[in-house]
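# Chain and residue survey
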Amino acid sequence: MSEPLGPGTLFAIGLRANLLQATWNFERQQGLGWAFALAPALRELYPDHGERMRRLAEHTAFFNTQPTLASIALGAAARLEEQRATGGEGDEQGMARLKAVLGSTLAAVGDRLFWFTLRPFAAVAGVLLAMTWREPALGAAALWAIYAIPHLALRFSGVGWGYREGPGILSGRLRTRMERVMRALAAIGCALLGVTLAWALAPAGEPRPIAVQCSLAGGLGLGLLTAQRARPSPTRWALALGVLALGWVLLRRGS
Amino acid sequence: MNGALFGTLLAGGLAALDATPVAQTLVSQPLVTATVLGLLWGDWPTALAVGIVLQILAASTLPIGARTPEDYSVGGVAGAGVALLLASVAPFEHVRQAASLIGVLVGMTAASLYVPVLRWQRRLNEGLARWCEASLRRGFERSLTQAQWAAVALAFALGVAVCGAWLALAQAAVPLVERESLRIAGVWNLLQPFWLGFGIAQLLNAFVQRRLERAGVFAATLVAAWLVLVAGTP
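Starting from 1, residues in each chain are numbered consecutively following that chain's sequence as written. Chain letters start at A and ligand numbers start at 1, both assigned in the order the entries are written. Thresholds applied to this predicted model are a pLDDT of at least 70 for local features of residues and 80 or more for the giving and counting of side-chain atom pairs; totals over whole chains, interfaces and linings are not thresholded and use all residues.

## Examining the overall build of chain B
Strands here are runs of E lasting at least two residues and helices are runs of H or I lasting at least four, both read from the DSSP assignment and numbered beginning at the N terminus. Helices and strands together make up the secondary structure of chain B, namely eight helices and zero strands. Order of helices (α) and strands (β) in chain B, N terminus to C terminus: α-α-α-α-α-α-α-α. Here the C-alpha coordinates of chain B stretch approximately 75 × 50 × 25 Å along the principal axes. Buried residues are those with 20 or more other C-beta atoms within 10 Å of their own C-beta, exposed residues have 12 or fewer, and partly exposed residues lie in between; C-beta atoms are placed from the backbone. When each of the 234 residues of chain B is scored for burial, the buried share is 57%. Within chain B, residue pairs in contact and separated by at least 24 positions form 75% of the contacts whose partners lie at least 6 positions apart. By definition, residues are in contact whenever their C-beta atoms, placed on the basis of the backbone, come within 7 Å of each other.

## Quick look at the overall build of chain A
For chain A, the helix and strand inventory stands at nine helices and zero strands. Across chain A, helices and strands are ordered from the amino to the carboxyl terminus as α-α-α-α-α-α-α-α-α. Over its C-alpha trace chain A gives a radius of gyration of 24 Å, far above what one expects of a compact globule, namely 18 Å for 255 residues. By principal-axis analysis of the C-alpha atoms, chain A measures approximately 80 × 35 × 30 Å. Expressed as a percentage of the 255 residues in chain A, the buried residues total 47%. Considering only contacts within chain A whose residues lie at least 6 apart along the sequence, 72% involve residues at least 24 apart. This radius of gyration counts C-alpha atoms alone. The globule rule is 2.2 Å times how many residues there are, raised to the power 0.38.

## Considerations on helix α1 (residues 7–16) of chain A
For α1 of chain A, the complete set of buried residues consists of Leu10, Ile13, Gly14 and Arg16 of chain A. For α1 of chain A, the secondary structure elements touched by its buried residues are α2 (31–45), α4 (70–85) and α6 (137–165) of chain A.

## Some remarks on the domain arrangement of chain A
Each domain's extent was defined by an automatic or database domain assignment. Assigned domains within chain A: domain 1 (7–208) and domain 2 (212–255). Computed from C-alpha coordinates alone, the two centres of domain 1 of chain A and domain 2 of chain A are separated by 35 Å.

## Regarding the interface of chain B and chain A
Each partner contributes to the interface: chain B provides 82 residues, whereas chain A provides 84 residues. Counting only elements with at least two residues in the side of chain B that touches chain A, the list comes to α2 (30–41), α3 (44–59), α5 (93–137), α6 (143–170), α7 (174–208) and α8 (212–231) of chain B. It is α7 of chain B that contributes the most residues to the side of chain B that touches chain A, 23 residues altogether. All amino acids are sorted into three groups, where Ala, Val, Leu, Ile, Met, Phe, Trp, Tyr, Cys and Pro are nonpolar, Asp, Glu, Lys and Arg are charged, and the leftover types, Gly among them, are polar. For the side of chain B that touches chain A, a count of residues per class yields 52 nonpolar, 21 polar and nine charged.

## Some points on unusual backbone geometry
All names here are of chain B. Unusually for a residue other than glycine, Gln209 sits at a positive phi of about 45°. Residue placement: Gln209 occurs in the loop between α7 and α8. One non-glycine residue with positive phi stands out, namely Arg210, at about 60°. Tracing the chain through its elements places Arg210 in the loop between α7 and α8.

## What about α2 of chain B?
Residues three or four positions apart in an α-helix share a direction because the helix packs 3.6 residues into each turn. In this model, α2 of chain B (12 residues) spans 16 Å end to end at C-alpha, consistent with the 16 Å of a helix rising 1.5 Å per residue. Most of α2 of chain B is tucked away, with 11 of its 12 residues classed as buried. Of the positions making up α2 of chain B, those classed as buried are Pro30, Leu31, Val32, Thr33, Ala34, Thr35, Val36, Leu37, Gly38, Leu40 and Trp41 of chain B. The inward-facing, buried residues of α2 of chain B abut α5 (92–132) and α6 of chain A together with α1 (2–19), α3, α4 (72–87) and α5 of chain B. One or two positions beyond α2 of chain B, positive phi appears at Gly42 of chain B, with a value near 70°. Each helix should span, by expectation, one fewer than its residue count multiplied by 1.5 Å.

## A few points about the packing of helix α3 (residues 49–59) of chain A against α5 of chain B
Where α3 of chain A contacts α5 of chain B, the two axes come as close as 8 Å, and the packing angle between them is 160°. Comparing the axis directions of α3 of chain A and α5 of chain B gives the class roughly antiparallel. Read as a crossing pair, α3 of chain A and α5 of chain B show a hand that is left-handed. In this structure, α3 of chain A contributes Met53, Leu56 and Ala57 of chain A to the contact, and α5 of chain B contributes Glu133, Leu136 and Arg137 of chain B. Of the residues assigned to the contact of α3 of chain A with α5 of chain B, the class counts are four nonpolar, no polar and two charged. Every angle, taken between N-to-C directions, lies between 0 and 180 degrees, and every axis is a line fitted to C-alpha atoms, over only the stretch in contact when it is a helix. Each angle receives one of four descriptions, namely roughly parallel if under 35 degrees, roughly antiparallel if over 145, roughly perpendicular if within 65 to 115, and oblique otherwise. Crossing chirality is assigned from the near helix's rotation relative to the far helix, an anticlockwise turn below a right angle marking it left-handed and a clockwise turn marking it right-handed.

## Considerations on the environment of Gly247 of chain A
Residue and element names in this part refer to chain A. Tracing the sequence through the fold places Gly247 in helix α9 (residues 234–251). The exposure class of Gly247 is exposed, given the 11 C-beta atoms found within 10 Å. Through-space distance from the C-alpha of Gly247 to that of Ala96 is 55 Å; in sequence the pair is 151 residues apart.

## Side note on the nonpolar core
What tends to happen in soluble globular proteins is that the nonpolar side chains get buried as a cluster. Joining buried Ala, Val, Leu, Ile, Met, Phe, Trp, Tyr and Cys residues through C-beta atoms within 7 Å gives a set, and that set is a nonpolar core. If you look at the biggest cluster of nonpolar residues, it comprises 158 residues, and the most contacted ones within it are Leu38 and Leu143 of chain A together with Ile102 of chain B. Counting only domains with at least three residues in this core, you end up with domain 1 (7–208) and domain 2 (212–255) of chain A. In this structure, Leu38 of chain A is in contact with Ile13, His59, Leu74, Ala77 and Ala78 of chain A, ignoring residues within four places of it in sequence.

The structure is reproduced here in structure tokens:
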């Protein structure tokens with residue numbers, strides 16, 4: 001079968017996937033962004049304006065997944081649209097099924113890999129470098145590069161990948177590989193946290209005053225306790241304690 | 001200073017874009033935005049002091065389930081911006097520390113208060129999506145692009161406006177920093193390590209996930225790093 005969707009179109013889909021969440025809303029979530037990203041493929045596949053508008057409107061329906069891995073779903077959907085346009089298999093229900101299955105499966109893998117592992121890992125690496133190196137921009141650059149390079153690489157290459165492999169891309173082998181990456185990042189993240197804590201206790205080998213070390217240990221202890229609860233959020237704990245401490249010191253001014 | 005203020009507002013808008021609507025490359029994370037603002041204001045130490053604390057708290061704030069988490073993109077810019085503005089009052093270490101404390105508190109407050117703004121923005125996007133679908137069905141193809149760019153413009157404007165509001169409010173804190181900077185600096189010297197420890201614990205919990213070997217890696221690295229730092233040799 002011929003492949004009318006060329007690399008230029010797949011690249012345009014990847015580029016537009018950067019706006020996947022621009023119109024994120026509670027009703028359709030990424031639906032509008034999904035249609036926007038897929039528009040270059042539909043423009044090529046459906047020269048008839050009316051038919052193209054019907055397809056585009058159809059694609060504005062609900063869709064949601066992890067935004068980086070959404071490119072894979074976009075590629076697979078472009079492939080299915082191509083089959084629809086050339087009279088092969090695939091219909092509206094088939095497209096809805098593909099979006100539902102890929103959306104939830106990619107979200108399950110992507111949320112764990114990108115939100116819960118790579119993002120905290122990049123943050124810890126960035127903070128550690130910002131605390132320890134004399135070059136102030138190094139931490140920020142490391143944080144950005146550790147996350148953005150794999151994120152953008154997958155965003156652009158994922159479209160072609162999903163287009164070639166289709167829904168079968170989520171085979172056991174890929175999941176096993178991703179699980180391995182997550183385990184490695186979590187272990188290295190633990191090690192980086194150990195170094196960060198050691199540096200916070202004794203920056204450049206100079207132990208900080210005992211009051212500071214106690215404060216650090218207190219924060220660590222309270223953090224471990226509150227981390228066992230989903231609510232309230234860490235921010236509310238940290239903010240409440242900060243406001244209380246500042247208020248207490250300022251109110252004691254006269255005494 | 002006007003250039004730095006303008007740059008801070010611009011950073012607020014760009015951070016609001018990167019957080020969700022455009023690209024999501026983490027350029028909106030507090031450490032990155034604080035570093036940029038440090039360059040703009042010519043004060044790296046204050047910017048990094050605020051950026052590090054907000055970053056460690058931002059990293060431990062995870063988007064679990066349907067919850068809209070605190071938004072540290074605009075919060076990070078507001079916090080670092082306010083700290084830099086207050087630190088520019090006088091060139092003393094205790095003023096810098098007092099400004100850092102207020103900056104971190106503003107950052108966390110701004111991140112929390114931005115949640116209802118985000119929800120409102122997303123409700124507006126619902127209307128935009130319905131309009132877009134109806135327009136497409138009427139054959140108006142450009143409505144898709146127009147809806148996308150309208151949402152991007154709204155997100156950018158909200159980021160700029162919220163950062164501007166926090167910077168304007170920060171002017172009210174200038175007398176407090178001038179008068180009480182020594183006391184506030186004392187609080188910073190204890191709260192900063194507390195917040196760091198608190199954030200590290202949250203992240204550790206996220207990485208360990210009740211696996212003993214990972215907790216072991218953390219403990220072993222902590223001891224080894226401590227020995228290397230303090231004794232100079234492992």
